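The lines below spell out each chain.
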Amino acid sequence: MQRYVSGQAPLTLGLGTSLLRRDLTAGLIAAVLALPLAAIAGLLYLARDHHETEGPVAAAAQALRSALDREPDLGALLWLAAALLPLAIVFLLAQRAATLRVDTEGLAARIPRWLGIGLFRQTAGEWRIAWHTIRRVRLVQPRSTAKPVQQLGGFRLVIETDHGETWLSPFLWFDRSGDDHRLRLAEVIRSRRLDAARLLERAPLLRALQARGFELETSAANVPRRAPGFDLARHRGMAAQLVALFATGLYALLDTFFFGHYLPLEPLPTLPFALVAAAATVGVGILGRGAPAVERLAVGALTVAAVTWAVYPATLRLNALSATPVSVIYVATAPGRFHLPGAGVPAIDLTGHDVDAYWAQYPQGTLHEFTLLRGDGGFYQLDLSPLHARTRRFYQEREQRRTDGER
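These remarks concern the structure in this document. All figures in this text were calculated on a predicted structure; none of them were measured in a lab.

Quick notes on the rules
- Residues numbered from 1 in each chain as written.
- Predicted model: local features only at pLDDT ≥ 70, side-chain atom pairs only at ≥ 80, totals over all residues.
- Heavy atoms only, no water.
- Phe/Tyr/Trp six-rings, centres within 6.5 Å; stacked < 30°, edge-to-face > 60°.
- Helix = DSSP H or I, 4+ residues; strand = E, 2+ residues; numbered from the N terminus.
- Buried < 20%, exposed > 50% of the residue type's maximum accessible area, 1.4 Å probe, protein only.
- Pairing = 2+ DSSP bridges.
- Axes fitted to C-alpha atoms, helices over the stretch in contact; angles between N-to-C directions.
- Left-handed = near helix turned anticlockwise from the far one by under 90°.
- Nonpolar A, V, L, I, M, F, W, Y, C, P; charged D, E, K, R; others polar.
- Expected span 1.5 Å × (residues − 1).
- Bend = angle between axes of the 7 residues up to and from the residue.
- Patch = residues over 30% accessible without salt bridge, like charges linked within 9 Å, V, L, I, M, F, W, Y side chains within 5 Å.
- Areas by Shrake-Rupley, 256 points an atom, 1.4 Å probe, with all protein chains shown as cover.
- Salt bridge = Lys/Arg side-chain N within 4 Å of Asp/Glu carboxyl O.
- Contact = heavy atoms within 4.5 Å.
- Polar contact = N/O pair within 3.5 Å; in protein donor to acceptor, adjacent residues only side chain to side chain.

### What to know about the packing of aromatic side chains
What describes a pair of aromatic rings is the distance from one ring centre to the other and the angle between the planes of the rings. Scanning the entire structure with this criterion turns up eight aromatic pairs. A centroid spacing of 5.6 Å and a plane angle of 85 degrees characterise the contact between Tyr 330 and Phe 370, whose relative ring orientation is edge-to-face. With Tyr 330 in strand β11 (residues 326-334) and Phe 370 in strand β14 (residues 367-373), this residue pair connects regions lying 40 residues apart in the sequence. Judged on exposure class, the residue Tyr 330 and its partner Phe 370 are both buried.

As structure tokens, this is what we get:
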């Protein structure tokens, strides 16, 4: 505690992910991330050819299979959660990079840009405040009707200097090398009886400022003001880009991994990708006028990437819609590999579809029927729906025979 009283020792603060202590936060994050990981493991297990009928893994897989049979949309939701897992990890790692240093000269911070928008309400970027430039330090209160925990997270520290205001969420900044001041398990259990203002006094950032002789004023405003900075939602062009980013990204994700059942057998034409990417680049350049350079570049790059990515499933779908399905009898050259010499159609490689037992029926030289599509896109693609139906029926019948044999 002496380090805060003296106000002389450098203090490095990290930005917490929640109002809970490190051990509780780690457990909470692990529990949240466990569902997507379990979804990936369970769905991959079901997709493979397994012989186990007993044991905890087989029992869990059977429970998941039953749930998917009852709720067909559950699989898509699980895959969506799994797909968003890397994004969540990126955000967690980015937040861990945020630092706030208190030393003999003042405050120095490095805060990711995304922590300065929306409900986060903190002054982002790299900045430094010298002690002699601070004119006033005040606390902006949250709504008095909020629950104690919500109040605790709603407080904002506003440091007024000769150059403007700096906003910080004081309770989230914890001492990386000292005791964690945030909520303990016992306090979480009795959260309704907590005194948010008293808990806030434990924050090392506030204690460091008080040790320097700064008096903390309480803002008369009952509703917190928004932290200074750029609000993407108030800029029509940036808001339009965010809508396009979400819409096209969601479509590309769903149609590529969940609803699409087409496999291109030839390279897709590059012209649609080039045209869409060029048009999107021009569009975001126009829509981003008036926005800060960092936000404009970040949102624009993500929007162009999402729109260009959406061209892939859209091209497959348009090529399929404009085509007449044709059944073609292929000759097997190896398990999962098929070829038809002299017919002018591309070879088929399905070795990565994890249906080895099904392909074992088709050794070299045997025949297999596939449905090909070639529409206005000018390339061949394989309609996987008939194949999926056959493999599903094959494994269901095999499982039924195995069950009958055990009786």
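### What to know about the sheet that holds strand β3 (residues 106-111)
Sheet strands pair by backbone hydrogen bonding; their relative direction is either parallel or antiparallel. Pairing within the open sheet is antiparallel, and its five strands lie in the order β4-β3-β2-β1-β8. What marks the edges here is a single partner per strand, and that holds for β4 (125-130) and β8 (173-175). Averaged over neighbouring strand pairs, the angle between their axes works out to 20 degrees when direction is ignored. As judged from the four bridges shared by strand β1 (residues 11-15) and strand β2 (residues 99-102), these two strands associate in the antiparallel manner. Along β2, the bridge assignment pairs Thr 12 with Arg 101.

### Describing the packing of helix α9 (residues 236-259) against helix α11 (residues 293-321)
In a packed pair of helices, the relevant descriptors are the angle between the two axes and the axis-to-axis distance. For the pair α9 and α11, the least separation of the axes is 8 Å and the interaxial angle reads 35 degrees. The crossing of α9 and α11 is left-handed. Looking at the contact of α9 with α11, its residues break down into 18 nonpolar, six polar and four charged.

### Structural notes on α11
Given a rise of 1.5 Å per residue, 29 residues ought to cover 42 Å, and the 41 Å separating the end C-alpha atoms of α11 matches this to within 8%. If you look at α11, its biggest bend is around 25 degrees, right at Pro 313.

### Description of the pairing of β14
Within β14, five of the seven residues are buried, which leaves the element mostly enclosed by the surrounding structure. Bridge count between β14 and strand β15 (residues 381-383): two bridges; the pairing is antiparallel. When the bridges of β15 are listed, Leu 373 appears paired with Gln 381.

### Re the pairing of β1
Within β1, four of the five residues are buried, which leaves it mostly tucked inside the rest of the structure. The sheet contact formed by β1 and β8 spans three bridges and is antiparallel. Paired with Leu 13 across the strands is Asp 175, a residue of β8.

### A closer look at the environment of Pro 10
Here Pro 10 lies in the loop between α1 (2-6) and β1. Using a relative accessible area of 40% as the deciding quantity, one classes Pro 10 as partly exposed. Between the C-alpha atoms of Pro 10 and Leu 107, which are 97 residues apart in sequence, the distance is 10.0 Å.

### What about a nonpolar patch on the surface?
On the surface, Leu 185, Val 188 and Ile 189 cluster together into a nonpolar patch covering about 290 Å² of accessible area. Mapped onto the secondary structure, Ile 189 falls in helix α6 (residues 185-189). A residue is classified by how much of its surface remains accessible, and Ile 189, at 67% relative accessible area, is exposed.

### Description of the environment of Val 276
Tracing the sequence through the fold places Val 276 in helix α10 (residues 271-287). Setting aside chain neighbours within four positions, we find Val 276 in contact with Val 307, Thr 308 and Val 311.

### Brief notes about the sheet that holds strand β7 (residues 164-168)
Read from one edge to the other, the open sheet built from four strands follows the order β7-β6-β5-β9, with strand pairing classed as mixed. Lying at the two open borders of the sheet, with one neighbouring strand each, are β7 and β9 (216-218). Sheet twist, expressed as the average angle between the axes of neighbouring strands with direction ignored, equals 30 degrees. When strand β5 (residues 134-140) meets β9, the two strands line up parallel, connected through three bridges. Paired with Leu 139 across the bridge in β9 is Thr 218. Against the sheet, helix α8 (residues 204-211) contacts β5, β6 (156-161), β7 and β9, and its axis sits at roughly 35 degrees relative to β6.

### Structural notes on the side chain of Thr 303
By the element assignment, Thr 303 lies in helix α11. Residue Thr 303 is classed as buried on the basis of its relative accessible area of 4%. Within the structure, Thr 303 has its side chain in polar contact with the backbone oxygen of Val 299 (distance 2.8 Å). When near neighbours in sequence (up to four residues on either side) are disregarded, Thr 303 contacts Gln 241, Ala 244, Leu 245 and Val 284.

### Side note on the side chain of Asp 103
Take Asp 103: it is sitting in the loop between β2 and β3. A residue is classified by how much of its surface remains accessible, and Asp 103, at 12% relative accessible area, is buried. Among the polar contacts made by the side chain of Asp 103, one reaches the main-chain amide nitrogen of Glu 105 at a distance of 3.0 Å. Of note is the side chain of Asp 103, whose polar atom sits 2.9 Å from the backbone nitrogen of Gly 106. Setting aside residues up to four positions removed in sequence, Asp 103 forms contacts with Pro 10, Arg 128, Trp 131 and Arg 212.

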